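Letter by letter, the chains look like this.
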Amino acid sequence: MKIILTGLGIVLVCIGAALMAALIRTLLIPVKHSRYKLESDEEEALALARKLSAMIQCETVSHAGEHDVPKFRKFHEVLAKLFPLVFEKLEKTDIDGNLLMYWKGKKHDKPLVLMSHQDVVPAEGKWTHAPFSGDIADGKVWGRGASDTKCSVMGFYEAVEELLKEGYEPEEDVYLSSSCTEEWAGDGCPKIVAELKKRGVCPYLVVDEGGGIITDPIAGIPGNFAMVGVFEKGKADVKFIAKGNGGHASAPPAHSPIVRLAAFVTEVEKGKMFRRAMPAQVQAMFETLAPYASSFGLRYVFENLWLFKPLLVKLLPKISAQAGAMVRTTAAFTQASGSDAVNVMPEEASVSVNMRFIPHQGMKESLAVMEETAKKYDLTMEVLHANDYSKSVDIHGPAFGMVTDVIRETFPGVAGSPYVMTGATDARVYEEICDNVVRFAPVIYGPEQMRGMHGLNENIAYSCLPGCVQFYRNLIMENDRRS
């Protein structure tokens, strides 16, 4: 007993010492504040808002499997009117409505690709401003595509237009890439990348959408922060099917298809089947944001992940769905089907799930876990589509460093932080030919803008548009300076 008590005492002393060391460390690290405030010339911002408005008014909704090329060529005509020098001076390649513009540099060692997408998702429901009106009101541009992501397309086209007007000649090649199938993970961007491969182009840096200047990115971290996506999770659409004998609902058999599916869904929803771990990029995010935390307790935890990481990994899914998705594979049930009549037992029923894979438990292992669980309930699994997680940008490398340097130059007071993309973008396609693919749209996404993406009343504050243009200008010139 004495030995046990002695051992327990040593453990308690060690825990106390670790907690004290963490406390002292937290007290020694200076508290920081996000001080970036939007300051832009009203006339300049309105001029850019009008251009974005014209782009929104040209409806470019895309649907899975459909290639409405004339619709997107009409959008190209709008771009040509808004940015005449770009279309006069740059080499244009139109691949089934997907657009690649080439600005030839004096050298070809470090090609830069600025990219986003032309297409938007459908606009359903009742909107305050008509979804393709492009209304400019209340300091915002309204409409489908305002924030996702015609704003960034406008930004890099305007940046090049202005530089051309000033007579700027790039040292390095610059490409403007925009697909028209991004919203349904279609073949648009792969066609552009295939064209670049054919030309032997290996970009030094690709900058796509995905991140942005996010307002209050985590509860307790107030202010605006440049969240730079450095890799994205894998994705799969999977269907689970349960079969039975059908029959009248007045005499239901045990273990019918829907009952088995319900039990399966319940087990998956408990969330214990996927391992939790904190990727290095997510740890870097918390360490970057830690000094900005509004409470001492939050700083204490985030600044001492050497001690609290195991606890934080367990708590994150309970604190925030977005944060929780950064530490584990997720499975979201989105569709279900059964009998065509209320009083008829189905011979076949199904549920569909959208999965997102994390590197420490990737596509193969995650799908195997789901299949093994499904077998317990006599379900069959059908993988409709699947791709694994993307590779990560080196967050300590020169390309990522250049992006964060340009962020600091363009948006004084904004901290740049890596983060994990839980969604999917065209950017992953470029990883076949480029090692440095980052996801960052240089506009401000507050809670209202985040709700509007793929939802009602999508909008963007037009005061952030000059900064968007300036970021792309600065990035082009900085890449040239470092060439």
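Note: the structure precedes this text.
Residues numbered from 1 in each chain as written. Predicted model: local features only at pLDDT ≥ 70, side-chain atom pairs only at ≥ 80, totals over all residues. Heavy atoms only, no water.

(A) Here's a closer look at the overall build of the protein chain. Each helix and strand counted, the protein chain has 16 helices and 15 strands in total. Against the compact-globule benchmark of 23 Å for 483 residues, the protein chain has a radius of gyration of 25 Å, which places it among compact chains. C-alpha extents for the protein chain along the principal axes are approximately 80 × 70 × 45 Å. Each of the 483 residues in the protein chain was classed as buried or not, and the buried ones make up 53%. Counted over contacts in the protein chain with a minimum sequence separation of 6, partners at least 24 positions apart contribute 81%. For the protein chain, the exposed surface amounts to about 21,500 Å²; the carbon and sulfur share of it is 55%. In the protein chain, 52 positive and 60 negative side-chain charges are present, and the distance between their average locations comes to 6 Å. (Helix = DSSP H or I, 4+ residues; strand = E, 2+ residues; numbered from the N terminus. Rg over C-alpha atoms; globule rule 2.2 N^0.38 Å. Buried < 20%, exposed > 50% of the residue type's maximum accessible area, 1.4 Å probe, protein only. Contact = heavy atoms within 4.5 Å. Areas by Shrake-Rupley, 256 points an atom, 1.4 Å probe, with all protein chains shown as cover. Lys, Arg positive; Asp, Glu negative; His and termini not counted. Charge placed at Lys NZ, Arg CZ, Asp CG, Glu CD.)

(B) Focus on the packing of aromatic side chains. The tally for this structure, following the rule as stated, stands at 17 aromatic pairs. Judged by centre distance (5.5 Å) and plane angle (85 degrees), the ring pair of Phe 156 and Tyr 472 falls under edge-to-face. Residue Phe 156 is found in helix α5 (residues 150-165), and its partner Tyr 472 is found in helix α16 (residues 465-481); the two are separated by 316 residues along the sequence. Neither residue differs from the other here; Phe 156 and Tyr 472 are each classed as buried. Connected via pairs of aromatic rings, a cluster forms that spans Tyr 36, Phe 83, Phe 87, Phe 156, Tyr 157, Phe 411, Phe 440, Phe 471 and Tyr 472. Positioned above the aromatic ring of Tyr 204, the side-chain terminus of Lys 110 is 4.4 Å from the ring centre. (Phe/Tyr/Trp six-rings, centres within 6.5 Å; stacked < 30°, edge-to-face > 60°. Lys NZ or Arg CZ within 6 Å of the ring centre and 35° of its normal.)

(C) Spatial organisation of the layout of surface pockets. What the second largest pocket holds in volume is close to 190 Å³. Lining of the second largest pocket is provided by 13 residues; of these, Tyr 36, Lys 37, Glu 39, Thr 410 and Pro 412 occupy positions nearest its centre. Top element by residues in the lining of the second largest pocket is α16. It accounts for 3 residues. (1 Å grid on protein atoms, 1.4 Å probe; cavity = no way out; pocket = protein on both sides within 12 Å on 5 of 7 lines; lining within 4 Å. Points joined across faces, edges and corners; volume = space filled by probe spheres on them.)

(D) Layout of the nonpolar core. Val 86, Tyr 157, Leu 176, Leu 205 and Phe 286 are the most contacted members of the largest nonpolar core, which totals 95 residues. Looking at this core, the element that brings in the most residues is α5, giving 9 residues. If we skip the residues at most four places from it in the chain, Leu 176 touches Val 86, Leu 90, Leu 99, Leu 100, Met 101, Leu 114, Phe 156, Tyr 157 and Val 160. Phe 240, Phe 357, Leu 367 and Met 370 belong to the second largest nonpolar core, which has 20 residues in total. (Core = buried A, V, L, I, M, F, W, Y, C linked by side-chain atoms within 4.5 Å.)

(E) Just the sheet that holds strand β9 (residues 234-243), in detail. An order of β10-β11-β9-β12 is seen for the 4 strands of this open sheet, with the pairing classed as antiparallel. Two strands close off the open sheet at either side, each with one partner strand: β10 (330-337) and β12 (380-387). Averaged over all neighbouring strand pairs, the angle between strand axes comes to 20 degrees, with direction disregarded. Both β9 and strand β11 (residues 348-357) contribute to a ladder of 10 bridges, which runs antiparallel. Note on β11: the bridge partner recorded for Lys 235 is Arg 356. The strands touched by helix α12 (residues 363-375) are β9, β10, β11 and β12; relative to β11, the strand with the most contacts, the crossing angle is about 155 degrees. (Pairing = 2+ DSSP bridges. Axes fitted to C-alpha atoms, helices over the stretch in contact; angles between N-to-C directions.)

(F) Just the sheet that holds strand β4 (residues 136-137), in detail. What the 3 strands build is an open sheet, ordered β4-β5-β15; its pairing is antiparallel. Since the sheet does not close on itself, it has two edges, and those belong to β4 and β15 (459-461), each with one partner. Pairing analysis gives 3 bridges linking strand β5 (residues 140-142) to β15, with the strands arranged antiparallel. Paired with Lys 140 across the bridge in β15 is Ala 461. Contacts from helix α2 (residues 42-57) reach β4, β5 and β15 within the one sheet, and its direction differs from that of β5 by about 10 degrees.

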